[in-house]
Structures are given as C-alpha cells and as structure tokens.
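# Examining the three-dimensional arrangement
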Amino acid sequence: MVDGRRGDRRSWLFNDARCAHCHAPAFATELCAACIDALPWIDPACPGCALPLPAGAGGFCAACARRPRPWAAAYCALRYAAPADRWVQRLKYRHDLAAARRLGWLLAQGARHAGMAAPELVIPMPLHRARQRERGFNQADEIARALAREWRLPVAASAARQLHPTGDQTGLSAAERRRNMRGAFSADPRRVRDRHVAIIDDVLTTGASCEALCAALHAAGAGRVQVWCCARTP
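The shown structure was predicted, so the numbers you read here are calculated from the model rather than taken from an experiment.

### Re the overall build of the protein chain
Within the protein chain, the regular secondary structure consists of 11 helices and six strands. Looking at the protein chain as a whole, 49% of its 234 residues qualify as buried. Taking contacts inside the protein chain between residues at least 6 apart in sequence as the whole, the part at least 24 apart equals 71%. A total of about 11,200 Å² of accessible surface is found on the protein chain, and carbon and sulfur atoms cover 50% of it.

Structure, rendered in structure tokens:
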C-alpha cells in the first residue's frame, strides 16, 4: 500500500483517535495504517466492470470485451468482504454515518491511487422518494459527500432522480435486474450537459442500477460518465 491511500499521518499524531480494529493511533477514518493496508483492496481490476484481475493483468475482462459497459470507466476500491461488507451493512441498515465517512474516504484515496480522472461533479445513486422517506437518508449521498470533501468536488444530488420504486433486487438475475431498472431514472440536462460526472454508490453487483442511471445521464447530454463504488461483489 502506498502512502497516498493512508493520507496525512499528522491527522492522528496529535489526537486521541484509535483504530476501530486494533486500537492503535488512527486516522479520522478510525483505522490505523496497518489496518488500512490489510483491507481487501482491488488491484488490478477491469476498467469496465471493476472486477479483480489476476496480478499483472491489464485491460478489460473477457465479459466486458464482449459487452462493453455504457460508462467510460468503473472503479471499486474494495472487495465486498470483511470488514467492508460490515461497514456497508451498518451504514445502510443502522444509519452509521461514521461508516459512510470511512467508506467515502477509502474510495477517495483508492480512486486517487488508481489514477481515476477527476470528474466535474459527483452524483449519488438516487433513491426513490418513498424509499428515502422510509430509510431517512440516502447512503450513497453520505458516501459521496465524504468523497467530495477529499477531492474538493461538488455533489449534485438533485441532478438525477429515481422515477419509480424498483423494490429489493436481491436474488434477481443480472437480466432481471436490468429489466427492473429500465427507465428508472431521469437526469437534469441543465446540470449535466457536456459535464464529466461520476456516479457514486456503495456496492457494485451486476451494474444494472448504474447502467440505468448512466443511460439517463447520457440522454440528458452528459459528456462522460464514470462509476465509482466502495465495494465490488464477486
């Protein structure tokens, strides 16, 4: 792990922050340097789907070579494995905002290390208003704001919206998810036309939600769309 992912050690040398795992002096993310190094980072990865590639490999995986993705590039910082999976679950179902700050910070550091091009604005994956009212917040929005602070980027949460509820997609196949998400989003041309934008979400699985949002952004005139997610399922 290079120091770029660890941030500035001065952020913890003179305070009482302790690592959530080993209780060593920690960063603002409540992780120490050793525990950050031990995270399930994805490197290298396919730039199309962000799935891990064998060490030393480059370029697209076979699936993305056959079926190119609609976005310019995708990046996921971590495998959806311990402890990242626990943080996502705590954020999503327990409203653990400390987990959102940690995931956003790690995504920001990982994307910088991977050489991802800085977008002009970040767009959190929208929730339908009924789901957001029920949950009380949008976890992608919390992650996006933490990332945006590190990259000094504007967050455009209102630039896209989910038009109709899509329900829980757990257990659906990739094809079923794509059908379920088709036409689910709209984007504001005044906000995204000719802009380089990054979609921010917690987990990338089949990519159906990101594909649907990407289609809406392209229809609204977005110039370039990337997908940045904290974790990638197998």
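### Points about the pairing of strand S1 (residues 73-79)
Of all seven residues that make up S1, six are buried, and the element is covered over most of its length. As paired elements, S1 and strand S6 (residues 224-232) share six bridges and run parallel to each other. Opposite Tyr75, over in S6, you have Trp228 as the bridge partner.

### Quick notes on the packing of aromatic side chains
Here the structure, examined in full by the defined rule, presents one aromatic pair. Taken together, a centroid distance of 5.1 Å and an interplanar angle of 65 degrees make the contact between Trp151 and Trp228 edge-to-face. With Trp151 in helix H8 (residues 139-151) and Trp228 in strand S6, this residue pair connects regions lying 77 residues apart in the sequence. Sitting above the plane of the Trp87 ring, Arg102 keeps its charged end 4.9 Å from the centroid.

### Quick look at the pattern of salt bridges
On inspection of all chains with the given rule, the structure shows seven salt bridges. Arg67 is the salt-bridge partner of Glu211, the closest N and O atoms lying 3.1 Å from each other. Separated by 144 residues along the polypeptide, Glu211 in helix H11 (residues 208-219) and Arg67 in the loop between helix H4 (62-66) and S1 bring together distant segments of the chain. Of the residues examined, Arg67 reaches a relative accessible area of 38% and is grouped as partly exposed. Two residues, Asp141 and Arg145, come together in a salt bridge whose shortest N-O distance is 3.1 Å. Of the two residues, Asp141 and Arg145 are both situated in helix H8; the distance of four residues between them amounts to about one turn of the helix. The class for Asp141 is buried, based on a relative accessible area of 14%.

### Some words on H11
Over its 12 residues, H11 extends 17 Å from the first C-alpha to the last, a length consistent with the 16 Å expected when each residue adds 1.5 Å. Of the residues making up H11, those classed as buried are Ala208, Cys210, Glu211, Ala212, Leu213, Cys214, Ala216 and Leu217. Phi turns positive one or two residues past the end of H11, at Gly221, with a value near 95 degrees.

### Considerations on the sheet that holds S1
Reading across the sheet, the four strands line up as S1-S6-S5-S2 and stay open at both edges, with parallel pairing between neighbours. Because the sheet does not close on itself, it has two edges, and the strands there are S1 and strand S2 (121-124). Across the sheet, the mean angle separating the axes of adjacent strands is 25 degrees when strand polarity is ignored. Taken together, the four bridges between S2 and strand S5 (residues 196-204) define a ladder with parallel strand orientation. Residue Leu121 lies in a different strand from S5, and its bridge partner there is Val197.

### A look at the nonpolar core
Leu107, Ile200 and Trp228 are the most contacted members of the largest nonpolar core, which totals 41 residues. Listing elements by their share of this core, those giving two or more residues are helix H3 (33-37), S1, helix H5 (84-94), helix H6 (97-113), H8, S5 and S6. If one sorts the elements of this core by residue count, H6 sits on top with eight residues. Residues Ala159, Val192, Ile199 and Ala222 belong to the second largest nonpolar core, which totals 32 residues.

### Focus: H5
Listed as buried for H5 are Ala84, Trp87, Val88 and Leu91. Burial along H5 is one-sided: seen end-on, the buried residues are contained in an arc of 100 degrees. Seen from the buried face of H5, the exposed residues on the opposite side, beyond 90 degrees, are Tyr93 and Arg94. Where H5 is buried, its residues meet S1, H6, H8 and S5. Looking one or two residues past H5, His95 carries a phi angle of roughly 55 degrees, positive in sign.

Conventions we followed
Residues numbered from 1 in each chain as written. Predicted model: local features only at pLDDT ≥ 70, side-chain atom pairs only at ≥ 80, totals over all residues. Heavy atoms only, no water. Helix = DSSP H or I, 4+ residues; strand = E, 2+ residues; numbered from the N terminus. Buried < 20%, exposed > 50% of the residue type's maximum accessible area, 1.4 Å probe, protein only. Contact = heavy atoms within 4.5 Å. Areas by Shrake-Rupley, 256 points an atom, 1.4 Å probe, with all protein chains shown as cover. Pairing = 2+ DSSP bridges. Phe/Tyr/Trp six-rings, centres within 6.5 Å; stacked < 30°, edge-to-face > 60°. Lys NZ or Arg CZ within 6 Å of the ring centre and 35° of its normal. Salt bridge = Lys/Arg side-chain N within 4 Å of Asp/Glu carboxyl O. Expected span 1.5 Å × (residues − 1). Axes fitted to C-alpha atoms, helices over the stretch in contact; angles between N-to-C directions. Core = buried A, V, L, I, M, F, W, Y, C linked by side-chain atoms within 4.5 Å. Arc of directions from axis to C-beta.

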